[in-house]
Amino acid sequence: RGDGTVEFIADGANGLRPDGIFFMEMNTRLQVEHPVTEAITGVDLVEWQFRVASGEPLPANQDEITINGHAVEARLYAEDPNSGFLPQAGRLNRLRWPEAMAGLRVDTGVEEGAVISAHYDPMIAKMIFHGSTRTEAINGLAASLDACTVLGLRSNRAVNRRLITQDAFGDARFDTSFIDQNLDKRCDREL
């Protein structure tokens, strides 16, 4: 009849255990991170959502879905990291994505010259990189963030890049305090 996302948080301090996994929320829709799942499974979740909503059965069972490689996603926002990540409103004077980069997917609804309004979410794009290993996916996303240009508004581009290249992120040794512990207060000002 539809789809949904169930979110959990895991306490991995002593290894993953059933008593260390806690329910957070249920959303009766796709989450913004769904391209990561699509990248590693090759499944078009949006297509499946439409098929199920129109009365068709799911095209595959869970045991028929395989995972291939790793994917990471960065949400690129018009926000000012130096001011507590306050949203930015105004014109995107320059917006450039990396030239054809194998493994990179950019989902966006704006283009150069567009105005980011104060009345809506200031997301510019989602940048998703798929690689055969976690390291390849992280390095690919970091290179993709380096190769994109956002001018006219402050953005979290440089902060995203800095955070994903921290050793703790690469080694998957982080928790909910990761950003506070690793945020460099001298964030780049991109105008």
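Everything numeric here is computed off the predicted structure, so don't read it as measured data.

On to the overall build of the chain. A tally of regular secondary structure across the chain gives 6 helices and 11 strands. Looking at the chain as a whole, 33% of its 191 residues qualify as buried. In the chain, the proportion of contacts linking residues at least 24 apart, taken out of those at least 6 apart, comes to 63%. Element-wise, carbon and sulfur atoms account for 51% of the exposed surface of the chain, whose accessible area totals about 11700 Å².

A few words on the packing of aromatic side chains. Scanning all chains against the criterion turns up 4 aromatic pairs. Relative to F23, the ring of F8 has its centre 6.0 Å away and its plane inclined at 75°; by these criteria the two rings are edge-to-face. Here F23 lies in strand β2 (residues 21–27) and F8 lies in strand β1 (residues 5–10), a separation of 15 residues in the sequence. Given the relative accessible area of 54%, F23 is considered exposed. One aromatic cluster is present, formed by F169, F174 and F178 through successive ring pairs. One Lys or Arg, R134, reaches over the ring of F169 and ends 5.0 Å from the middle of that ring.

What follows deals with the side chain of H34. Note on placement: H34 falls in helix α1 (residues 34–41). Excluding residues that lie within four positions of it along the chain, H34 makes contacts with L45, V46, R105 and K126.

Another point: the sheet that holds strand β8 (residues 104–108). Within the open sheet, the 3 strands sit side by side as β3-β10-β8. Their pairing is antiparallel. The open sheet terminates on both sides in strands that have one partner only, identified here as β3 (70–77) and β8. Adjacent strand axes in the sheet meet at a mean angle of 15° when their direction is disregarded. One ladder, built from 5 bridges, connects β8 with strand β10 (residues 123–131); its direction is antiparallel. Looking at β10, one finds that D107 is bridged to K126. The sheet strands contacting helix α3 (residues 134–147) are β3, β8 and β10, and the helix crosses β10 at an angle near 145°.

Calculation criteria
- Residues numbered from 1 in each chain as written.
- Predicted model: local features only at pLDDT ≥ 70, side-chain atom pairs only at ≥ 80, totals over all residues.
- Heavy atoms only, no water.
- Helix = DSSP H or I, 4+ residues; strand = E, 2+ residues; numbered from the N terminus.
- Buried < 20%, exposed > 50% of the residue type's maximum accessible area, 1.4 Å probe, protein only.
- Contact = heavy atoms within 4.5 Å.
- Areas by Shrake-Rupley, 256 points an atom, 1.4 Å probe, with all protein chains shown as cover.
- Phe/Tyr/Trp six-rings, centres within 6.5 Å; stacked < 30°, edge-to-face > 60°.
- Lys NZ or Arg CZ within 6 Å of the ring centre and 35° of its normal.
- Pairing = 2+ DSSP bridges.
- Axes fitted to C-alpha atoms, helices over the stretch in contact; angles between N-to-C directions.

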